[in-house]
Amino acid sequence: MSKTYTIRTYNNIAARGLDRFPAGRFKVGADVTSPDAILLRSHKLGVGDLPAGVQAIARAGAGVNNVPVERCTERGIVVFNTPGANANSVKELVLTAMLLASRDIYGGLQFVSTLGGIDDPAELDRVVEAEKKRFAGRELVGKALGVVGLGAIGSLVARAALDLGMDVLGYDPAISVDAAWRLPSEVQRMENLQSLFARADYVTLHVPLLDETRGMINAESLNAFRPGSVLLNFAREPIVDGAALKAALDSGRLAKYVADFPIAGLIGHPKVLLTPHLGASTEEAEENCAVMAANQLVNFLETGSITNSVNFPSVSLEASSGFRLAVVNRNVPGMLGQMTTLLAERGINVVDMLNKSRGNIAYNLIDLGEAPDAGLLEAIKRVDDVVDVRVIGT
Ligand SMILES: NC(=O)c1ccc[n+]([C@@H]2O[C@H](COP(=O)([O-])OP(=O)(O)OC[C@H]3O[C@@H](n4cnc5c(N)ncnc54)[C@H](O)[C@@H]3O)[C@@H](O)[C@H]2O)c1
């Protein structure tokens, strides 16, 4: 009979995510004790909240600040996140922001809300026709959008902007192979940021906050922007230097700044539109995160494969026998040899295997010609620098 895996949940996990755990093969809930894995959203997990036996933790979301990742790695616990699960949600807000920056929809709505006292339709019509020129805008078609960072969100924004008839310029010196495959061929690759700023009517930022990207938009870079251009920041606030931004808005270098992060000193500025970090705030994004996190846990527990881990390598090995060992060890020389020697001593054939490392940790999937006995598992566990061993498929 196959094993029933146990998942301890924290926070409310979207039902569509919980549905991914096949009933009968998984027991899932906030009341699970001795879990094989933990599934959470923002609950802060202390080092003391890692019961013995936990093999994996999945965070339904991008950041893992609420998980003690270093301690997990030492214990051989795989930590997953769900990159890109909220990308469409952010993309739609960026498109909204670009439209709000181009047509004075916000000013127009505010104006109309002041007209409630006019009951005469002819008078209402007269006021609207007389005042509407104050809210005239420009179209996006034919304008150039510069996308800085072409990962999950940037690539979706680029595709949508092409569909709107814009010219799209992209800059991402560290683009992953997967992201490059996803990118439409019409996106024009820029060799440096200065050239992108010089050509773009709109610039949208989709890079992570790192030492290299903090203050990436500063006085010097803003000088390279086209006069009257629009800057959109739905990545992280500190990527844009606040003082330089204010100066560029006041001088007219920037026509508008639209961002997802209220900044003291810029709230109420006539050229600034700020939303309260709404990028990922959709029902669908929450569901996508839960579904992705749950799928990754099911796949890991039932096959040993690892996708989207923040501390382990990506690993996928098609099953070639019914008996698989998953071994975590510290990344030191000679480990594989010691393990295969133990197997050879027992006359057990290795049908297939995969060994990958990341930093100080290595992970092995070993498909065996026959079921391993408890003695073999104990012997592997006793090898110096082996952190954890488990059997999958028996
Ligand atoms: N507003 C929100 O609510 C919200 C929601 C989700 C994500 N975000 C932010 O958006 C960022 C991007 O998210 P994503 O899912 O697209 O991430 P991602 O990891 O898929 O893509 C980031 C891309 O930026 C590129 N990059 C890194 N440094 C760069 C640099 N110096 N110049 C140009 N490109 C560089 C990377 O190569 C990668 O392709 C996140 O890091 C996060 O900070 C905001």
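Below is a short write-up of the structure. This structure is a prediction, so every number in the text was calculated from the model and none was measured.

1. As for the overall build of the protein chain
Scanning the protein chain for helices and strands turns up 13 helices and 16 strands. Against the globule reference of 21 Å for 394 residues, the protein chain gives a C-alpha radius of gyration of 27 Å, more extended than a compact globule. Expressed as lengths along the three principal axes of its C-alpha atoms, the size of the protein chain is roughly 90 × 50 × 35 Å. Burial status across the protein chain gives 45% buried among its 394 residues. In the form shown here, the protein chain has an accessible surface area of approximately 19,200 Å², with 51% of it arising from carbon and sulfur atoms. Each charge class in the protein chain can be summarised by its mean position, and for the 38 positive and 44 negative side chains these summaries are 2 Å apart.

2. Regarding helix α12 (residues 335-345)
Those residues of α12 that sit buried are Met335, Met339, Leu342 and Leu343. Across the axial projection of α12, the buried residues extend over an arc of 100°, all falling on one side. In α12, the exposed positions that point more than 90 degrees away from the buried face belong to Ala344 and Glu345. Following α12 by one or two positions, glycine 347 has its phi on the positive side, about 70°.

3. Section: the packing of α12 against helix α13 (residues 374-382)
At their nearest, the axes of α12 and α13 sit 10 Å apart, and the two run at 155° to each other. Accordingly, the angle class assigned to the pair α12 and α13 is roughly antiparallel. Seen along the crossing, α12 lies across α13 with a hand that is right-handed. Across the interface between the two elements, Met339, Leu342 and Leu343 of α12 pack against Leu376, Ala379 and Ile380 of α13. In terms of residue class, the contact of α12 with α13 is made up of 6 nonpolar, no polar and no charged.

4. Things to note about the side chain of serine 89
You can see serine 89 is positioned in helix α3 (residues 87-102). Of the polar contacts made by the side chain of serine 89, one reaches the backbone oxygen of glycine 279; its length is 2.6 Å. With residues near it in sequence (within four places) discarded, serine 89 still touches Gly279, Ala280, Ser281, Thr282 and Ala285.

5. Some remarks on the environment of asparagine 218
Secondary-structure assignment places asparagine 218 in the loop between β9 (202-205) and α9 (219-223). Judged by relative accessible area, which is 26%, asparagine 218 ranks as partly exposed. Along the chain, asparagine 218 and alanine 244 lie 26 residues apart, while their C-alpha atoms are 5.6 Å from each other. Among all residues touching asparagine 218, those that are not within four sequence positions of it are Asp241 and Ala244. For asparagine 218, the side chain forms a polar contact with the main-chain oxygen of glycine 215, separated by 3.2 Å. Within the local environment of asparagine 218, its side chain forms a polar contact with the backbone nitrogen of glutamate 220, the two atoms lying 3.1 Å apart.

6. A word on the packing of aromatic side chains
Using the criterion set out here, one finds 6 aromatic pairs in the structure. With 5.4 Å between their ring centres and 50° between their planes, phenylalanine 21 and phenylalanine 26 make a pair best called tilted. You can call phenylalanine 21 buried: its relative accessible area is 6%. Cation over ring: arginine 8 sits above tyrosine 10, and NZ or CZ is 3.9 Å from the ring centre.

7. Some words on the sheet that holds strand β4 (residues 56-59)
Taking strand neighbours across the sheet as the criterion, the 5 strands line up as β2-β1-β3-β4-β5 in an open arrangement whose pairing is parallel. Single-partner strands in this sheet number two, and they are β2 (26-29) and β5 (78-80). On average, each strand axis in the sheet is tilted by 15° relative to the strand beside it, whichever way the strands run. As paired elements, strand β1 (residues 5-9) and strand β3 (residues 37-40) share 3 bridges and run parallel to each other. What sits directly across from threonine 9, in β3, is leucine 39.

8. Overview of the packing of α3 against helix α6 (residues 152-163)
Look at α3 against α6: their axes get within 9 Å of each other, and the N-to-C directions meet at 45°. Taken together, the axis directions place α3 and α6 in an arrangement best described as oblique. The way α3 lies across α6 gives a crossing that is right-handed. Residue-level contacts link Ala87, Asn88, Val90, Lys91, Val94 and Leu95 of α3 to Ala152, Ile153, Leu156, Val157 and Ala160 of α6. Along the lines of polarity and charge, the residues of the contact of α3 with α6 split into 9 nonpolar, 1 polar and 1 charged.

9. Looking at the pattern of salt bridges
Counting across every chain of the model gives 14 salt bridges. The shortest N-O distance in the salt bridge between arginine 126 and glutamate 123 comes to 3.1 Å. Here the residue arginine 126 and the residue glutamate 123 both occupy positions in helix α5 (residues 121-131), the gap between them amounting to 3 residues, near one helical turn. A salt bridge links aspartate 367 to arginine 324; its shortest N-O distance comes to 2.6 Å. Taken as a pair, aspartate 367 in strand β15 (residues 361-368) and arginine 324 in strand β13 (residues 323-330) lie far apart in primary sequence, 43 residues in all.

Reading the values: rules and limits
- Residues numbered from 1 in each chain as written.
- Predicted model: local features only at pLDDT ≥ 70, side-chain atom pairs only at ≥ 80, totals over all residues.
- Heavy atoms only, no water.
- Helix = DSSP H or I, 4+ residues; strand = E, 2+ residues; numbered from the N terminus.
- Rg over C-alpha atoms; globule rule 2.2 N^0.38 Å.
- Buried < 20%, exposed > 50% of the residue type's maximum accessible area, 1.4 Å probe, protein only.
- Areas by Shrake-Rupley, 256 points an atom, 1.4 Å probe, with all protein chains shown as cover.
- Lys, Arg positive; Asp, Glu negative; His and termini not counted.
- Charge placed at Lys NZ, Arg CZ, Asp CG, Glu CD.
- Arc of directions from axis to C-beta.
- Axes fitted to C-alpha atoms, helices over the stretch in contact; angles between N-to-C directions.
- Parallel < 35°, antiparallel > 145°, perpendicular 65-115°, else oblique.
- Left-handed = near helix turned anticlockwise from the far one by under 90°.
- Contact = heavy atoms within 4.5 Å.
- Nonpolar A, V, L, I, M, F, W, Y, C, P; charged D, E, K, R; others polar.
- Polar contact = N/O pair within 3.5 Å; in protein donor to acceptor, adjacent residues only side chain to side chain.
- Phe/Tyr/Trp six-rings, centres within 6.5 Å; stacked < 30°, edge-to-face > 60°.
- Lys NZ or Arg CZ within 6 Å of the ring centre and 35° of its normal.
- Pairing = 2+ DSSP bridges.
- Salt bridge = Lys/Arg side-chain N within 4 Å of Asp/Glu carboxyl O.

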